[in-house]
Amino acid sequence: MESDWEEVLMVPHPGQDANHLTSRVTTLAFDTSQELLWTGNHVGRVMSFIAPDLRKYTSFRAHPTGEVKQILFTDKGVLSVSPHSVHLASRRGLTQWHMTDEKFIDLRCMSFTSRGTQEILVAGFQDTMFRVDVEKGTIIQALPAEDNYSIMKKGSQYICAANGSGAIHILDPGTFKIVKVWQAHSSFVNDMDVKSDFVVTCGASPRQQQGFMLDGLANVYNLKTLLPLPPIPFQAGAAFVRMHPRMSTTSIVASSTGQLQVVDIMNPNAVNLIKQAHVYDSTCLTSFELAPSGDALAFANSLGYMHLWGSPSKIHFTEFSNPLVFADQVIPPPGHMDWSQDTALNTIGIPYYRDVLLSAWPSHMIFEVGAPPPKLDPILLANLKRSDNVSYAPNPKKLHRNQIERTRVVDKGSAIVAPKFLSEKAREAASSPNGERRISDVLDTLADIILEGSTKKEVPIIYRNVEIKYSKFGVDDFDFEYYNKTRFSGLETHIANSYANPLLQLYRFIPIIRNLALRHTASPCPFEDCLLCETGFLIDMLEKAAGQNCQATNFLKKFSGQSSAASLNLLEEHAPTTPLTSMIQAVNRFLLARFSDNFRQCPPQSRALEQALATQVTANIRCAHCNHEQIKSEDLYLHDLIYPPKNMIRGPARATPSRTFCEILKASVERQDQSRGWCSRCKRYQMLSTRKQVQNVPSVLMINAAIHTMDAKQLWCTPNWLPHEIGVVVGNGQFFCFEGQDLNFLIKKNTHNVQIYELIGVVADINSGEAQKPHLVSMINVAPSLPDEQVNNQWHLFNDFLVRQTSKEEALRFDPDWKLPSVLAYQLKSESHVIDDSWKMNLDTSILYRSETLSHHTEPSNIPLRLLSPEEPPCPGMPVGIDAEFVALQREEIAIKADGTRETIRPSRLGLARVSVLRGSGMDADLPFIDDYIAISEPVVDYLTQHSGIRPGDLDRMASKHTLVSLKMAYKKLWLLLNLGCIFVGHGLIKDFRTINIHVPKAQVIDTVELFWVKTRVRKLSLRFLAWLLLKEDIQMDMHDSVEDAWTALRLWRKYEEFKDAGVLEETLEWIYKKGAEVRFKVPGAAAPVATAVTVRSDRRGYGRNTPPPGFRSESSGGGDGEAGRTESTPIKKLTFGTGPPAFGSPARR
């Protein structure tokens, strides 16, 4: 609330019928997505009013009996509750569903749950609460209520419910159990509001001989610490309170007589502003509400009048408002016209139109309603015999029993054929040598949809939501290559908070951010939660993948674990109703500031990233009361565009905007604000005016489009309004921006130091219509990130894992109905094509030579481990054995279809638990130098002990007895080995590397699964089976061990090289599959562990559980059943491998 706020309007609330001029308002609520104010009255009617003149928009009877208690909003419509029913209607008044139940005795309130707007919790003055599915309009579960509740609101972590005795129950939004009880008032709670981590309440207490009176305090409670804060004094009696939606610690308190007071809850004794509403002596306020934008205030009095407060010049209800839908105006019928059989129909014209005709049905509203009946076989018709009312004929037996002809039309013309699973394609490879067509080939035939999309309301196919399908083999079976045949990798979507994928892609193609992020990642950064390191890991993975799909698992996990990200509502689970465009703009601001902090904290504490991203300004802050001026330096990492008022955007010619992009950017960078703040001279809060002077501009200009109005949307949809290049001149604290002919003239004149910026990319918000959820994509010019200076204007669309090359015109064409920009990135043109790979020569490898642990109870391991030393540094071509173990952090989500089949909605999520790396050559071949357990802070749902060897407590920092490191440290060790050129030898490494979230080029991978696989066979062989058959050893008897598995993989690789050198590789592979078929590719159950037949001396190395050391053999080490122990054995040369000097034919000699 600012000083110029005043009462803008006071209108009567419409009566229940013609005999009543007004009706009593029982609840008020501002719409979260449209410029509407909603009310409910005492007879169950719900009404809405249009801002700012409060004209009636809709009115409908939502409840047959009882007054409307509360109103909530979803994308689908408006929820309202009365004592005996719950109602959902569209914003135009059409009923979606109405629910009554005999258990609905006295409902009072409702709140969204942890499932967001898909589910509500309904409660009241009764013993039962109800979970209601908003989509279906059904009761999911009836829960016992701990108390009677009159008010209920959801914060970032908890649901707060007020009971009838003045207490606030803090409920868990998932289990609905009481976490804490806070006695806020001694009698009852009159009003309550919850915002982020704060609860503010108003209530009453008993007074002697005066009954109940409103308390002179508004009480405050901190949901993060679950402790009360100092109350807000309010002598007039606090009746209502609302938290400001944009200023998390500012609240507005109101009395029943209309006194309004703005207070900062962190400084409750300092009153910012006091206003008095015009309320008659005999009346009082009955309802009070603050708009989501924070720029409007509404309340109702006991006479049935509504008051609207705000600043007359800029009052609006929502930040991102959708346009209202109005009924068509009635067109008078044409005059009399002669009509005859000979009158041509084209003489009756149709009016000019710009919108899509009603007859042009969108694709998501076209359904198959039935199949035409199959035609009868002529043989049946020829042999029909009639008996009474029935005809019959002999069965021609052309179809099987219960088999019918398919008569539905399957081919939909322009529909894209969904990709088959990789397992299905492998089976059909022999019969389909041409392979399956790619989506890019299909889209080339649909170019008219893409290039002429401006004339159509249908969203082009390549912009629509893409979805991962899961087979029984999980996400690894999905054909991502179907959606991308470029050399630039996409990012997968099945990870929480993957809405940030387009922004991460944009960062990857900005050369300055790319270079500095990789340089920082290669440095000895000691911070576990460093987001800049994770960005460097991700960029390096995307570059090495070169078109193969990737996932930002580790980055998004680290981002989701940031406490400040949760408090700023940057996580999807905490802000299910927040528009994605505002979330991605907030994430952009958060990440840029965090990148700069991370880069500055790491030695030598350079400010290079800050100088590359931050605009340096000085803010002159002047007090409007005493004219005292303060000067403060600021670093702005991005700029929110500020658009001029409506009458300034459009001149007399409405089709041509009078403001260019550069003019709006200049006004946004030099923005002048007026706000209330602390004046050090006046010693109180005053109106302060802020004027910014630009001192220096960065190499990268990050801009938030900040589109809030329809006029701004129309501005962006003007063809060629967004320039590809801009010129910036900074002088005397002023920021000048030029484009087009002005820029060319300035360059030719060469009188100013003009810095030329080129557009790198745009993150855009795509609204695919009612059938699909909105999502984000990025259009990026990849040419500046390529070292070839001759390459220009290579624009690509990144729609998660769908990547396609597009034209510059298509990339920068926007549409107000479905495509609008959210984030823009400009970079100095002189920095294009500057790709700095010097970080590869300056890798800090010190963590490979030292041992660190986070465990408090580390004990000596029975596994011989010797760290690498600077005398044996990793080098290109050095083989290392590797294996990793994982634990389950989240179970898979499965849906049962109507036909009874199971469909995987989201696969299980695994986390790295242990990784072991062994030397692959040299005198100490097979000796481990990395055996790390990874500390996991999030809950583990399944340790998978039989397959991982991990037991409860092994990953706990307080209880583990193993060498425990952070995920970042374990990952960085592998990342260093990768970039140092090591060759990774293991079994089934593709899935391991995918779960670890690292991409290793094929040239650096030796996978024994692939070595011993015959491509004409579908089956791939397990490590245990190969070890039993070729090495005559039983492994993985009780559980898996990563050291044992990595050692076995190294030995199998050497066996392979042995077969290859002997020239018997093909015969051996056929023999392996023949022997495998005899035992069904399983180790016979009679096989005993090798260690039970030998005695291992204490001076030998121990590998895993009861595993003999490398090179140790015994007479009984053949193991297995009799078939494997007889003279019929593998046709190989008898060569010796293992520790000690390498023998003839050993890969260790190469």
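Residues numbered from 1 in each chain as written. Predicted model: local features only at pLDDT ≥ 70, side-chain atom pairs only at ≥ 80, totals over all residues. Heavy atoms only, no water.

By the naming in an unreviewed UniProt entry, the protein chain is PAN2-PAN3 deadenylation complex catalytic subunit PAN2, taken from Trichodelitschia bisporula. Turning to the protein chain, the UniProt record has this under Subunit (unreviewed entry): "Forms a heterotrimer with an asymmetric homodimer of the regulatory subunit PAN3 to form the poly(A)-nuclease (PAN) deadenylation complex." (UniProt positions renumbered as here; feature names shortened; annotations may be inferred.)

### Things to note about the overall build of the protein chain
Across its full length, the protein chain carries 24 helices and 52 strands. Every one of the 1150 residues in the protein chain was classed for burial, and the buried ones make up 51%. Intrachain contacts of the protein chain at a sequence separation of at least 6 include 60% that bridge at least 24 residues. Surface exposure of the protein chain reaches about 55,800 Å², of which carbon and sulfur atoms provide 51%. (Helix = DSSP H or I, 4+ residues; strand = E, 2+ residues; numbered from the N terminus. Buried < 20%, exposed > 50% of the residue type's maximum accessible area, 1.4 Å probe, protein only. Contact = heavy atoms within 4.5 Å. Areas by Shrake-Rupley, 256 points an atom, 1.4 Å probe, with all protein chains shown as cover.)

### Some thoughts on the UniProt feature "binding site: a divalent metal cation" (unreviewed entry) in the protein chain
The UniProt feature table records "binding site: a divalent metal cation" (unreviewed entry) at Asp883, Glu885, Asp992 and Asp1045. The named residues occupy 163 residues along the chain; their greatest pairwise C-alpha distance, 12.8 Å, places them in one compact cluster. For Glu885, a relative accessible area of 4% corresponds to the buried category. The contacts of Glu885, once residues within four sequence positions are left out, are Gly911, Leu912, Ala913, Arg914, His947, Ser948, His1040, Asp1041, Ser1042 and Asp1045.

### Re the side chain of Lys973
Here Lys973 is to be found in helix H18 (residues 967-979). Owing to a relative accessible area of 5%, Lys973 belongs among the buried residues under this scheme. A polar atom in the side chain of Lys973 sits 2.8 Å from the side chain of Asp932. With near-sequence residues (within four places) excluded, Lys973 lies in contact with Ile847, Leu848, Ile930 and Asp932. (Polar contact = N/O pair within 3.5 Å; in protein donor to acceptor, adjacent residues only side chain to side chain.)

### Here we look at the nonpolar core
If you look at the biggest cluster of nonpolar residues, it comprises 111 residues, and the most contacted ones within it are Leu503, Leu506, Tyr507, Phe559, Leu591, Met702 and Phe984. Counting contributing residues, this core receives three or more from each of domain 2 (498-607) and domain 3 (845-1079). Those residues within four positions of Phe984 in sequence are excluded, and the remaining contacts are Val880, Ile882, Leu974, Leu977, Leu978, Leu989, Phe993, Val1000, Gln1004, Val1005 and Ile1006. One finds Val617, Val669, Leu802 and Trp818 within the second-largest nonpolar core, a separate group that totals 55 residues. (Core = buried A, V, L, I, M, F, W, Y, C linked by side-chain atoms within 4.5 Å. Domains from an automatic or database assignment.)

### Some thoughts on the sheet that holds strand S7 (residues 78-82)
Strand order in the open sheet formed by four strands is S6-S7-S8-S9, with antiparallel pairing between adjacent strands. Strand pairing shows two members of the sheet lacking a second neighbour, strand S6 (70-73) and strand S9 (95-100), which therefore form its edges. Sheet twist, expressed as the average angle between the axes of neighbouring strands with direction ignored, equals 15°. Pairing geometry for S6 and S7, over four bridges, is antiparallel. For Phe73, the partnering residue across the bridge sits in S7 and is Val78. (Pairing = 2+ DSSP bridges. Axes fitted to C-alpha atoms, helices over the stretch in contact; angles between N-to-C directions.)

### With respect to the pairing of strand S16 (residues 167-171)
For S16, a buried count of five out of five residues is recorded, marking the element as mostly surrounded by other parts of the structure. Of the two faces of S16, the one holding Ala167, His169 and Leu171 and the one holding Ile168 and Ile170 are both buried throughout. Pairing of strand S15 (residues 159-163) with S16 involves four bridges; the strand directions are antiparallel. Bridge pairing in S16 links Ile159 to Leu171. Hairpin connection between S15 and S16: a loop of three residues separates the two successive antiparallel strands, and Gly166 in this loop has a positive phi of roughly 90°. Linkage of S16 to strand S17 (residues 178-183), two consecutive antiparallel strands, is achieved through a turn of six residues, within which Phe176 is found at a positive phi near 65°.

### Quick word on the packing of aromatic side chains
Tallied over the full model, the rule gives 33 aromatic pairs. Residues Phe478 and Phe801 carry aromatic rings whose centres are separated by 5.8 Å and whose planes lie at 75° to one another, so their mutual orientation is edge-to-face. Note that Phe478 is positioned in the loop between helix H4 (447-451) and helix H5 (501-508) and Phe801 in the loop between strand S42 (795-799) and strand S43 (802-806), a separation of 323 residues in sequence. Taking 5.2 Å as the distance between ring centres and 75° as the angle between the ring planes, the aromatic pair formed by Tyr482 and Tyr483 counts as edge-to-face. The buried category is assigned to Tyr483, whose relative accessible area is 11%. Ring pairs connect the aromatic residues Phe478, Phe480, Tyr482, Tyr483 and Phe801, which therefore count as one cluster. (Phe/Tyr/Trp six-rings, centres within 6.5 Å; stacked < 30°, edge-to-face > 60°.)

### As for helix H22 (residues 1042-1062)
The first and last C-alpha atoms of H22 sit 30 Å apart over 21 residues, in line with the 30 Å expected at 1.5 Å per residue. Across the 21 residues of H22, 18 count as buried, placing the element largely inside the fold. Sitting at the head of H22, Asp1041 places a side-chain oxygen 3.1 Å from the backbone nitrogen of Val1043. Immediately beyond the C-terminal end of H22, within one or two residues, lies Gly1063, with a positive phi of roughly 75°. (Expected span 1.5 Å × (residues − 1).)

### Looking at H5
Of all eight residues that make up H5, eight are buried, and the element is covered over most of its length. Of the residues making up H5, those classed as buried are Asn501, Pro502, Leu503, Leu504, Gln505, Leu506, Tyr507 and Arg508.

### Structural notes on the sheet that holds strand S29 (residues 305-310)
The pairing of strands in a sheet comes from backbone hydrogen bonds and takes either a parallel or an antiparallel form. Within the open sheet, the four strands sit side by side as S1-S29-S28-S27. Their pairing is antiparallel. The open sheet terminates on both sides in strands that have one partner only, identified here as strand S1 (6-12) and strand S27 (285-290). Strand-to-strand twist of the sheet, defined as the mean angle between neighbouring strand axes without regard to direction, takes the value 20°.

### What to know about the state of the cysteines
Per the stated rule, a full pass over the model turns up zero disulfides. Take Cys525: it sits in no disulfide, and the sulfur closest to it among the cysteines is that of Cys533, at 3.7 Å. With no disulfide of its own, Cys530 has Cys533 as its nearest cysteine by sulfur position, at a separation of 3.7 Å. (Disulfide = S-S within 2.5 Å.)

### Quick notes on the confidence of the model for the protein chain
With 85% of its residues at a pLDDT of 70 or more, the protein chain has an overall mean of 82. Of all the helices and strands in the protein chain, helix H24 (residues 1122-1125) carries the lowest mean pLDDT, 35, while S7 carries the highest, 96. A low-confidence stretch, residues 445-456 (pLDDT under 50), is modelled with 18 contacts involving residues beyond four sequence positions or located in other chains. (pLDDT = per-residue confidence, 0-100.)

### Here's the deal with the environment of Ile703
You can see Ile703 is positioned in strand S37 (residues 700-704). Ignoring any residue separated from it by four or fewer positions in sequence, one finds Ile703 in contact with His639, Leu641, Phe661, Leu665, Ser822, Val823, Leu824 and Tyr826.

### Concerning the pairing of strand S46 (residues 893-896)
Looking along a regular strand, one sees side chains alternate from face to face of the sheet. Relative to strand S47 (residues 902-906), S46 runs antiparallel, the two being bridged by four bridges. Each residue of the ladder has a partner; that of Ala895, found in S47, is Glu903. Hairpin connection from S46 to S47: five residues lie between these consecutive antiparallel strands, with Gly900 at a positive phi of about 90°.

### Considering the pattern of salt bridges
Under the criterion given, the structure shown has 41 salt bridges. Note that Arg514 and Glu543 form a salt bridge whose closest N and O atoms lie 2.8 Å from each other. Of this pair, Arg514 sits in helix H6 (residues 511-521) while Glu543 sits in helix H7 (residues 531-545); the two residues are 29 residues apart in sequence, bridging distant segments of the chain. In this structure Arg514 comes out as buried when scored by relative accessible area, which is 3%. Judged by relative accessible area, Glu543 falls into the partly exposed class, the value being 27%. Here the salt bridges share partners, and the residues they tie into one network are Asp597, Arg600, Arg607, Glu610 and Asp635. (Salt bridge = Lys/Arg side-chain N within 4 Å of Asp/Glu carboxyl O.)

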